[in-house]
Amino acid sequence: MNRIHVVIGEQDERFLLHLANILENGFSEYIEAHCFAKAAHFMKYVEKNGADVILADENFGVPLESLNAENCGYLCDDPEVRALGGFKTICKYGHPDEIYRDIMDIHANGGRVMAAPMEEAPLEMGGVACDVILVQGFSGGTGVSTFAAAASMYSSQKGVQTFYLNLEDLGDSNDFFSSLETGGLDDVLAALRAGHGGLADFAAEQALIDPGTGVSYFGPSARADRMADLTAQDWIGLLNALKASGSYGRIFVDCGFGLDEKHLAMMEAADRIVLVTDGGETANTKFRRGLQAVSAWEQQEGKNITDKMILFYNRFSSSKSSSRLDGIDLPVVGTMPPVKHALVREIIQVMLSRQNIFERLLQL
């Protein structure tokens, strides 16, 4: 019988060899596999030879939509994710028989999947549904703010009016965004403290817009000590004003992590919480301690926070980081590979090239 011609793109050479061995030793009678660890070689081969089935790792850097083919699928770490970017997924760590079955399914039925109809979201004040996504990390230096800024840019690129809200004591939105307009957080905070009657509209008017990305944000406070003095009431009042303005469909909040009243209040207010870690030994230790502290607070207060949490591995600074936190039962949105000697804006561009990460973030 004619063998099925399968072309595979996977940047992890060890796994690529493992998968090739699976197909060669168990299914060589049915499958002829051609495997590539470099996207350029993968693309050149596909363009010249075509394939019966095309598989690419979700982080390979080749969006399957660009191939303009129906017989494609993504290789995915998470067995619970069944579709990405409109294509079927095959779990990389599934049983060999399951991998073979899924390849045959794509060959027989194609890899495209119909998007499930989205439930109509309830409307917030102002008539616009607004999703609040909190981005945090239990350890410093893991790229939390960089990821929050990149996610904001992706959201805006997809046509959603997006606000990046930086509430860190020493945070500066100008690290990621710029505008020719003037204005900042101080005026909005003054209006908040004064009980301004039209705070929602005023907050939206004071927002700056980055012309390159379309993301809205506040210029930083002139004094860091003012940020440190903000209370939980201030934080939530500011967030609610932005939601009530009706100007934004999505707000990304970057405020760091803490177990004080204002951080816990923001965690309660968020619709989703993205926890960013680099998977290193020190970060893993702090991650476990932080998650234990949140769980203890949940039990004490009768709250439910951890169900809103998802995990992102940001390995941009270390090729020696581990890939998983054993025993942590949180959905994984994706993994950012190491990026050596890159500036923040360059790292953001690499993140944005891996759109599957953000697709999954907004689906979970």
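Everything in this summary refers to the structure shown in the same document. For clarity, every value in this text was computed on a predicted model and none was experimentally measured.

### Quick word on the pairing of strand β11 (residues 250-254)
Inference 1: Burial runs high along β11: five of the five residues are buried.
Inference 2: Across five bridges, the pairing between strand β7 (residues 131-136) and β11 is parallel. Each residue of the ladder has a partner; that of L134, found in β11, is V253.
Inference 3: Judged from the five bridges that link them, strand β8 (residues 162-166) and β11 form a sheet pairing that is parallel. Following the sheet pairing, L165 is matched in β11 by V253.

### Focus on the sheet that holds strand β5 (residues 83-84)
Two strands in a sheet stick together by hydrogen bonds in their backbones, pointing the same way (parallel) or opposite ways (antiparallel).
Inference 1: If you walk across this open sheet you meet the six strands as β2-β1-β3-β4-β6-β5, and the pairing is mixed. At either end of the open sheet lies a strand with only one pairing partner, and these are β2 (31-36) and β5.
Inference 2: Judged from the six bridges that link them, strand β1 (residues 4-9) and β2 form a sheet pairing that is parallel. Looking at β2, one finds that I4 is bridged to I31.
Inference 3: Those strands touched by helix α3 (residues 96-109) are β1, β2, β3 (53-57), β4 (72-76) and β6 (87-91), and its axis lies near 165° from that of β6.

### With respect to the sheet that holds strand β10 (residues 216-217)
Inference 1: Spatial ordering of the open sheet is given by β9-β10-β8-β11-β7-β12-β13-β14, a layout of eight strands whose pairing is mixed. A single partner strand is all that each edge strand has here, and the edge strands are β9 (208-209) and β14 (332-336).
Inference 2: This element, helix α4 (residues 144-157), spans β7, β8, β11, β12 (272-277) and β13 (309-314) of the sheet and lies at about 170° to β11.
Inference 3: Each of β12 and β13 is contacted by helix α10 (residues 281-301), which is oriented at about 155° to β12, the strand it contacts most.

### A word on the pattern of salt bridges
Inference 1: Counted under the stated rule, the structure contains 13 salt bridges.
Inference 2: With its nearest N and O atoms 3.5 Å apart, the salt bridge here joins D77 to K92. With D77 in the loop between β4 and β5 and K92 in the loop between β6 and α3, the pair connects residues that are 15 residues apart, well separated along the chain. Here D77 and K92 have matching classes, each one buried.
Inference 3: Between D105 and K88 there is a salt bridge, with the nearest N and O atoms lying 2.8 Å from each other. In this pair, D105 is assigned in helix α3 and K88 in strand β6, connecting sequence segments 17 residues apart.
Inference 4: Among the charged side chains, a network of salt bridges with common partners joins E10, D57, D77 and K92.

### Considerations on the pairing of β13
The two faces of the sheet receive side chains in turn, since in a regular strand these alternate between them.
Inference 1: Extensive coverage of β13 is indicated by the burial of six of its six residues.
Inference 2: Across the two faces of β13 the burial is the same, with M309, L311 and Y313 and I310, F312 and N314 all buried.
Inference 3: As defined by bridge partners, β12 adjoins β13 across five bridges and the pair is classed as parallel. The residue of β13 that forms the bridge with I273 is M309.
Inference 4: Taken together, β12, α10 and β13 constitute a β-α-β crossover, and its handedness is right-handed.

The rules we used
Residues numbered from 1 in each chain as written. Predicted model: local features only at pLDDT ≥ 70, side-chain atom pairs only at ≥ 80, totals over all residues. Heavy atoms only, no water. Buried < 20%, exposed > 50% of the residue type's maximum accessible area, 1.4 Å probe, protein only. Helix = DSSP H or I, 4+ residues; strand = E, 2+ residues; numbered from the N terminus. Pairing = 2+ DSSP bridges. Contact = heavy atoms within 4.5 Å. Axes fitted to C-alpha atoms, helices over the stretch in contact; angles between N-to-C directions. Salt bridge = Lys/Arg side-chain N within 4 Å of Asp/Glu carboxyl O. Right-handed = clockwise from strand over helix to strand, strands pointing away.

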